[in-house]
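Now for the letters of each chain:
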Amino acid sequence: MIKISLKNVPHKEQHRHAHSLLKELLKKYNIDYNSETVIEKNRYGKPFLADYPHIHFNVSHARGIAACIVESRECGIDCEQVRKYPVNVPKRVFADSELAMLEAVPETEKELLFFRLWTLKEAYVKAIGQGISYPMNKVIFSFENGEVVCSDKNYEFRQYILKNGQFVVSTAIYKINS
């Protein structure tokens, strides 16, 4: 289950806003998420609910957007506002095939494609619980017939392009029968 908010909140309040989405989603699991809820972290820093180990969640926020996912399986979410990106980043985090894909699109489509790939990678490394300590160029994404294709077949992915390409949200969820 995901929740997305397209609300421009001050930078200092983005984290709190994203966690308000988490609170709303956890209500559907009869969990009262409040200041007394025990949050622990795995060895890479991924948070989890100590009293509800069967419930998995992840939050993300950026300028103008916040997103949250809650599932019964390992999951990750990332959201970004589409904007100019540092030109050195793709070479550090994209596989050769992804770099070729980025080079092949017209200049007017590069920023959107960059953030489509970036958010998929972020959602994936958050789902596996390792965050950016995982070498992001090791997981490879492509698109076939409008679907996300990933080199790791143990996860399913969804992607949402919002407000005419101004924002991208990607989710990664562990497959039950992988």
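Check the entry above for the structure.
The sections below set out a description of the structure shown in this document.

Scoring rules and cut-offs
Residues numbered from 1 in each chain as written. Predicted model: local features only at pLDDT ≥ 70, side-chain atom pairs only at ≥ 80, totals over all residues. Heavy atoms only, no water. 1 Å grid on protein atoms, 1.4 Å probe; cavity = no way out; pocket = protein on both sides within 12 Å on 5 of 7 lines; lining within 4 Å. Points joined across faces, edges and corners; volume = space filled by probe spheres on them. Helix = DSSP H or I, 4+ residues; strand = E, 2+ residues; numbered from the N terminus. Nonpolar A, V, L, I, M, F, W, Y, C, P; charged D, E, K, R; others polar. Phe/Tyr/Trp six-rings, centres within 6.5 Å; stacked < 30°, edge-to-face > 60°. Buried < 20%, exposed > 50% of the residue type's maximum accessible area, 1.4 Å probe, protein only. Expected span 1.5 Å × (residues − 1). Contact = heavy atoms within 4.5 Å. Pairing = 2+ DSSP bridges. Axes fitted to C-alpha atoms, helices over the stretch in contact; angles between N-to-C directions.

## Considering the layout of surface pockets
Its boundaries defined by the atoms lining it, the largest pocket holds a volume of some 280 Å³. Taken together, K84, Y85, V87, P90, K91, L99, L102, E103, E107, K110 and E111 make up the lining of the largest pocket. Elements supplying a minimum of two residues to the lining of the largest pocket: α2 (89-93), α3 (96-104) and α4 (107-127). When its volume is computed, the second largest pocket comes out at roughly 230 Å³. Forming the walls of the second largest pocket are Y44, G45, K46, P47, N58, E122, V125, K126, G129, Q130, G131 and I132. In terms of residue count, the dominant contributor to the lining of the second largest pocket is α4 (3 residues). Its residues assigned to classes, the lining of the second largest pocket shows 4 nonpolar, 5 polar and 3 charged.

## Concerning the packing of aromatic side chains
With the rule as written, the count across this model stands at 9 aromatic pairs. Look at F114 and W118: their rings are 6.0 Å apart centre to centre, the planes differ by 10°, and that puts the pair in the stacked class. Here W118 and F114 lie together in helix α4, a separation of 4 residues that amounts to about one turn. Classification of W118 by relative accessible area gives buried; the value is 16%. Note on Y155 and Y174: the rings are 5.3 Å apart at their centroids and 75° apart in plane angle, and the pair reads as edge-to-face. You can see Y155 sitting in strand β9 (residues 155-162) and its partner Y174 sitting in strand β10 (residues 167-174), a full 19 residues away along the chain. Owing to a relative accessible area of 33%, Y174 belongs among the partly exposed residues under this scheme. Here a set of aromatic residues connected by ring pairs shows up, and it is made of Y124, Y134, F141, Y155, F157 and Y174.

## Digging into helix α1 (residues 14-27)
With 14 residues, α1 ought to run about 20 Å at 1.5 Å a step, and its terminal C-alpha atoms sit 20 Å apart, in line with that. Within α1, the full set of buried residues consists of Q14, H17, A18, H19, L21, L22, L25 and L26. Close packing links the buried residues of α1 with β1 (2-5), β3 (47-49), β4 (56-62) and β5 (65-71).

## Re α4
Because an α-helix completes one turn every 3.6 residues, residues spaced three or four positions apart along the sequence face the same direction. Compared with the 30 Å implied by 1.5 Å per residue over 21 residues, the 31 Å span of α4 between its first and last C-alpha is a close match. Summarising burial for α4: 16 of the 21 residues are buried, a large majority. G129 sits one or two residues past α4 and shows a positive phi near 85°.

## Considering the sheet that holds β4
Taken in spatial order, the 3 strands line up as β1-β5-β4 in an open sheet, and their pairing is antiparallel. Among the strands making up the open sheet, the edge pair consists of β1 and β4. If you compare each strand with its neighbour and ignore which way they point, the axes differ by 5° on average. Of the pairings in the sheet, the one linking β4 to β5 comprises 7 bridges and is antiparallel in character. Bridge pairing links V59 to C68 in β5. The sheet strands contacting α1 are β1, β4 and β5, and the helix crosses β5 at an angle near 35°.

## Remarks on the sheet that holds strand β6 (residues 75-81)
Sheet strands associate in pairs through backbone hydrogen bonding, adopting either a parallel or an antiparallel arrangement. Across the sheet, which stays open at both edges, the 3 strands sit in the order β6-β10-β9 with antiparallel pairing between neighbours. A strand with exactly one partner marks an edge of an open sheet, and here the two such strands are β6 and β9. Neighbour-to-neighbour, the strand axes of this sheet turn through a mean angle of 10°, independent of strand direction. Looking at chain direction, β6 and β10 are connected through 7 bridges and run antiparallel. Residue D78 lies in a different strand from β10, and its bridge partner there is S170. The sheet strands contacting α4 are β6, β9 and β10, and the helix crosses β6 at an angle near 150°.

Purely geometric numbers; function is a separate question.
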